[in-house]
Amino acid sequence: MNESWLALMIGNSRLHWAWFIGNTLQEAWDTKHLPASAIQQLIQYGVSGILPDAILPPQVVSGQLSDTINVLPLYLASVVPSQTTLWQTYPSVNVITLAQVPLLGLYLTLGIDRALALLGAGETLGYPVLVIDAGTALTLTGADADCQLIGGAILPGLGLQLKSLTRDTAALPATQLPTQLPPRWAMQTASAIESGVIYTVLAGIREFIEDWQSRFPTSQIVLTGGDSPVLLSYLQSLYPEMARHVICNPHLIFGGIQSVRLKMAS
Ligand SMILES: Nc1ncnc2c1ncn2[C@@H]1O[C@H](COP(=O)(O)OP(=O)(O)OP(=O)(O)O)[C@@H](O)[C@H]1O
Ligand SMILES: CC(C)(CO)[C@@H](O)C(=O)NCCC(=O)O
Ligand SMILES: [K+]
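Keep in mind that what you see is a predicted model, and the values were worked out from it rather than measured. (Residues numbered from 1 in each chain as written. Chains lettered and ligands numbered in written order. Predicted model: local features only at pLDDT ≥ 70, side-chain atom pairs only at ≥ 80, totals over all residues. Heavy atoms only, no water.)

K.L.:
Looking at this model, I keep getting lost on the pattern of salt bridges. Mind explaining?
P.N.:
Pairs may arise between side chains of opposite charge once their charged atoms sit close together. In total, this model carries 6 salt bridges according to the counting rule given. Measuring nitrogen to oxygen at the nearest pair gives 3.3 Å for the salt bridge that ties Arg14 to Asp30. Residue Arg14 is located in the loop between strand S1 (4-10) and strand S2 (15-21), and its partner Asp30 is located in strand S3 (residues 24-31); the two are separated by 16 residues in the primary sequence. Between Arg206 and Glu210 there is a salt bridge, and its shortest N-O distance comes to 3.1 Å. Of this pair, Arg206 and Glu210 both sit in helix H6 (residues 189-215), 4 residues apart, roughly one helical turn. Residue Arg206 is classed as partly exposed on the basis of its relative accessible area, which comes to 30%. (Salt bridge = Lys/Arg side-chain N within 4 Å of Asp/Glu carboxyl O. Helix = DSSP H or I, 4+ residues; strand = E, 2+ residues; numbered from the N terminus. Buried < 20%, exposed > 50% of the residue type's maximum accessible area, 1.4 Å probe, protein only.)

K.L.:
Please explain the domain arrangement of the protein chain as it appears in this structure.
P.N.:
Quoted interface sizes are often the accessible area lost when the parts come together. As far as domains go, the protein chain holds domain 1 (4-95) and domain 2 (104-252). Taking the mean C-alpha position of each, domain 1 and domain 2 sit 27 Å from one another. Each side of the interface is counted separately: domain 1 has 9 residues, and domain 2 has 7 residues. Both faces considered, domain 1 and domain 2 share a buried interface measuring about 510 Å² in area, 73% of it formed by carbon and sulfur atoms. Among the residues domain 1 hides against domain 2, the three largest losses belong to Met9, Ala77 and Val79. Together they make up 44% of the total. (Domains from an automatic or database assignment. Contact = heavy atoms within 4.5 Å. Buried area = accessible area lost by both parts, 1.4 Å probe.)

K.L.:
Can you help me understand the site of ligand 1 in this one?
P.N.:
Around ligand 1, the surrounding shell holds 13 residues, and the nearest of these are Arg14, His16, Thr136, Gly226 and Asp227. At 3.1 Å from an oxygen atom of ligand 1 is found a main-chain nitrogen or oxygen belonging to Asn12. Contacts to ligand 1 include Asp113, whose side-chain N or O atom sits 3.4 Å from an oxygen atom. Alone, ligand 1 offers 620 Å² of accessible surface; in the complex the protein occludes 68% of this. Residue composition of the shell around ligand 1, grouped by class: no nonpolar, 9 polar and 4 charged. There are two domains that each give the shell around ligand 1 at least three residues, and those are domain 1 (4-95) and domain 2 (104-252). (Near = heavy atom within 4 Å. Polar contact = N/O pair within 3.5 Å; in protein donor to acceptor, adjacent residues only side chain to side chain. Areas by Shrake-Rupley, 256 points an atom, 1.4 Å probe, with all protein chains shown as cover. Nonpolar A, V, L, I, M, F, W, Y, C, P; charged D, E, K, R; others polar.)

Structure, rendered in structure tokens:
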């Protein structure tokens, strides 16, 4: 089991990659979604067929991975069906489905990213566990001590909330997430948007965490997804006591993919 392999999670905004040797994660990186033509060239010619940095992180462009990337086993999970289709012709692709995730009570349309992050969290930290994924969408997903899905919630992610205000109003400017918690009572448009989105999301997350902790007092709580570092820093500023119980792990989904791969091999 000491072979090289790739994990690919196709998210709504971008592709999340990891390169493993056996059970050890070597590198993890993100890229844009790739057009069909780039994927075909990759399959045929390896990275020499496309711009290497379209798919590889700078630190491995010239390494071992660049020579072999198109022949490595690829374990793929996706919440974007049109992107999944493009990878069907990759030589040794395993498309992970909900049926392969060894958790109980999963409902049919549950996102595979949520199921895999929950599995990754539970297998490394134990059950019960609550996962908060701050991606394009912000999701909360929890399981009890018997690995049974308790359920969760889906809302627009922080970035999407900012973008949708800009897109659907005439006067609201584009805004970025600030690195520090903004003032709550803002005196400028941009900071008023930041305040509204951030304090409301934080209050909501706090409510969900409190409810979860009242049901599952021993549960670990894990943050993941593109906005997890900034969200954790906001949580630490506003609710320091609660934040002490929250772990940040950007690689949860890869842990889930790894567990599914091991189960397939056994
Ligand atoms: N380099 C980056 N490119 C795009 N988004 C980024 C980047 N760095 C941080 N982000 C943040 O990540 C968020 C998207 O998260 P993520 O990449 O986890 O989403 P995703 O691709 O939809 O994945 P998932 O489906 O797992 O949520 C955006 O709201 C954005 O603020
Ligand atoms: C909620 C997202 C978009 C988060 O990436 C994804 O998990 C998804 O498409 N889920 C399907 C719906 C559900 O999980 O109930
Ligand atoms: K998403």
